[in-house]
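Residue-level structure breakdown
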Amino acid sequence: MLMIWSQKRARLFLQFAAVAGSSYVLLYVWNWRRKNGVTVTVGRSTRLGSIVDQVTALKSAYRPPLLLSSGVLHTLMVPMRQTVNPKLVRETLNAPCGGRIALDWWIDREAKDDSECKDPSIPTVIILPGVGGSSRATYVSSAGRSLREAGFQVCVLNHRGSPGTEITSPVLYSAVFDADLEMVVQELHESRGFSDLFVVGYSLGSVITAKYCARMGSNNILKGACAVSNPLDLESGANRMPWLMDWAVLQGLLKLVERYRRLYPNAPGMDFKGKVKSTREFDEAYTCKLHDFENASHYYSHGNIRNFLPSIEVPFLLFVAKDDPLVDPKLLPVDLVRASSTVIMAVTDAGGHIGWFEGGWLLPQLHKNRMDDVVTQFLGAVKVRA
């Protein structure tokens, strides 16, 4: 009797599992089929419309491969992106505070010397990676390859203390620290005569890019800029960040602060002995102390995209995905974009955070993504009209 009851329970469990599994698969596929939209919001200048017309990558629907229907899965694939291993030439600039700014210039493998990658007459793109990123990040290498093929020179501005860079002053980077970008732009333009300069920022780098463009206003010497996978609102992004992504980012930050603590044990925040369990707690314990913010919310409020858009005076592309784990689609600044004469906002239903992989209906092609096409075509269109 007990055996019969156990068999019935097993059959019921298997039936329930089959129904639940089938329902999940159907819901997953249905959700995937809905994710194909690309919405472009253009400011009130007719010039912006002519720029958008040349960005063909925004004219066709974007549907991710079925296995990347989730924005979280899409984001987790970013480190697996297949790209070239570029030949880089490092240049170091000395900041007034004693810090060293590491620029990595892309150079052709057959080039005889680095002068061939620093020609002031060639349009040049400065890339700002996201938190913990560097010139070796997969999405940076992928973007560099695409831009080089389109005729741009490329240099990567590595954040202070990022992998492969030295810490030589008490000043570290943050999402709203744009002094290094300002110094690099001034050095290239005023000291070396670079006239066609562009900036592309990814994630945290996109916040820095937006802040710099807003702060420069009508004095901005850049010809154009892109903010890719901007979290829109740093507080919302920190609260929405999936635990695995949060854990991965936190590990890099903790390694950075340990390197920093050995050099500057008496710097603000270095006396903290508690255990940090999230990026928000890290910002509370360290970032706020080092950059003189009252708390994490105060820090995050300074990086809100709405603070910057009204003051940007150069062609500016804001490119985000609705299923980005850090983005709340309700916070998309449609009103500010429409009121602007310089901003274009492109929003896809899918793409994750710095993802936008393309491929077949099931599997992604790890060497191909929509993001690089959008950025390269936008900057190409701005360059033509500059």
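Above: the structure in question.
Because the structure is a prediction, the values reported are computed rather than measured. (Residues numbered from 1 in each chain as written. Predicted model: local features only at pLDDT ≥ 70, side-chain atom pairs only at ≥ 80, totals over all residues. Heavy atoms only, no water.)

Located in the positive-phi region is Ser203, a residue other than glycine, with phi close to 55°. As for its placement among the helices and strands, Ser203 is situated in the loop between strand E6 (197-202) and helix H6 (204-216). Judged by its relative accessible area of 10%, Ser203 is buried. Of note in the backbone geometry, Ser229 takes a positive phi value of approximately 55° without being a glycine. Secondary-structure assignment places Ser229 in the loop between strand E7 (224-228) and helix H7 (234-240). Classification of Ser229 by relative accessible area gives buried; the value is 0%. (Helix = DSSP H or I, 4+ residues; strand = E, 2+ residues; numbered from the N terminus. Buried < 20%, exposed > 50% of the residue type's maximum accessible area, 1.4 Å probe, protein only.)

This part covers the pairing of strand E4 (residues 124-128). Among the 5 residues of E4, 5 are classified as buried, and the element is accordingly described as predominantly covered. Taking every second residue as pointing to the same face, both faces of E4 are buried, with Thr124, Ile126 and Leu128 on one and Val125 and Ile127 on the other. As paired strands, E4 and strand E5 (residues 153-158) are joined by 4 bridges and run parallel to one another. Considered in E5, the bridge of Ile127 is made with Val156. Between the parallel elements E4 and E5, the chain passes through helix H4 (residues 138-149) in a crossover that is right-handed. Here 5 bridges tie E4 to E6, and the two strands are oriented parallel to one another. Bridge pairing in E6 links Ile126 to Val199. (Pairing = 2+ DSSP bridges. Right-handed = clockwise from strand over helix to strand, strands pointing away.)

Among the surface-exposed residues, Val72, Leu73, Leu76, Trp243, Leu244 and Trp247 lie close enough to one another that they form a single nonpolar patch of about 620 Å² accessible area. Elements with a contribution of two residues or more to the nonpolar patch: helix H3 (71-76) and helix H8 (243-263). Take Leu73: its relative accessible area is 36%, and that puts it in the partly exposed class. (Patch = residues over 30% accessible without salt bridge, like charges linked within 9 Å, V, L, I, M, F, W, Y side chains within 5 Å. Areas by Shrake-Rupley, 256 points an atom, 1.4 Å probe, with all protein chains shown as cover. Salt bridge = Lys/Arg side-chain N within 4 Å of Asp/Glu carboxyl O.)

Bringing the pattern of salt bridges into the picture now. Under the definition given, this model contains 14 salt bridges. Close ionic contact of Glu166 with Arg100 constitutes a salt bridge, the shortest N to O distance being 3.0 Å. Taken as a pair, Glu166 in the loop between E5 and helix H5 (179-191) and Arg100 in strand E3 (residues 100-107) lie far apart in primary sequence, 66 residues in all. Residues Arg192 and Glu187 are paired through a salt bridge, measuring 3.0 Å at the closest nitrogen-oxygen approach.

Moving on, we get to empty space enclosed by the protein. What the rule picks out here adds up to 2 cavities of 30 Å³ or more. For the largest cavity, the calculated volume is near 60 Å³. When its residues are assigned to classes, the lining of the largest cavity shows 6 nonpolar, 1 polar and 1 charged. Space inside the second largest cavity adds up to approximately 40 Å³. (1 Å grid on protein atoms, 1.4 Å probe; cavity = no way out; pocket = protein on both sides within 12 Å on 5 of 7 lines; lining within 4 Å. Points joined across faces, edges and corners; volume = space filled by probe spheres on them. Nonpolar A, V, L, I, M, F, W, Y, C, P; charged D, E, K, R; others polar.)

Interhelical geometry of H8 versus helix H9 (residues 279-290) gives an angle of 30° and a closest axis separation of 10 Å. Classed by the angle they form, the pair H8 and H9 counts as roughly parallel. Pair H8 / H9 crosses with left-handed handedness. Contacts from Asp246, Val249, Leu250, Leu253, Leu254, Val257, Tyr260 and Arg261 in H8 reach Thr279, Phe282, Tyr286 and Leu290 in H9. Counted by class, the contact of H8 with H9 contains 9 nonpolar, 1 polar and 2 charged residues. (Axes fitted to C-alpha atoms, helices over the stretch in contact; angles between N-to-C directions. Parallel < 35°, antiparallel > 145°, perpendicular 65-115°, else oblique. Left-handed = near helix turned anticlockwise from the far one by under 90°. Contact = heavy atoms within 4.5 Å.)

Judged by nonpolar contacts, the single largest core of 69 residues is most densely connected at Ile126, Leu181 and Phe316. Phe316 has contacts with Thr209, Ala210, Cys213, Ala225, Ala227, Leu309, Thr342, Val343, Ile344 and Phe378, leaving out every residue within four places of it along the chain. Counting 43 residues, the second-largest nonpolar core is a separate cluster that includes Ala57, Cys226, Ala350 and Leu366. (Core = buried A, V, L, I, M, F, W, Y, C linked by side-chain atoms within 4.5 Å.)

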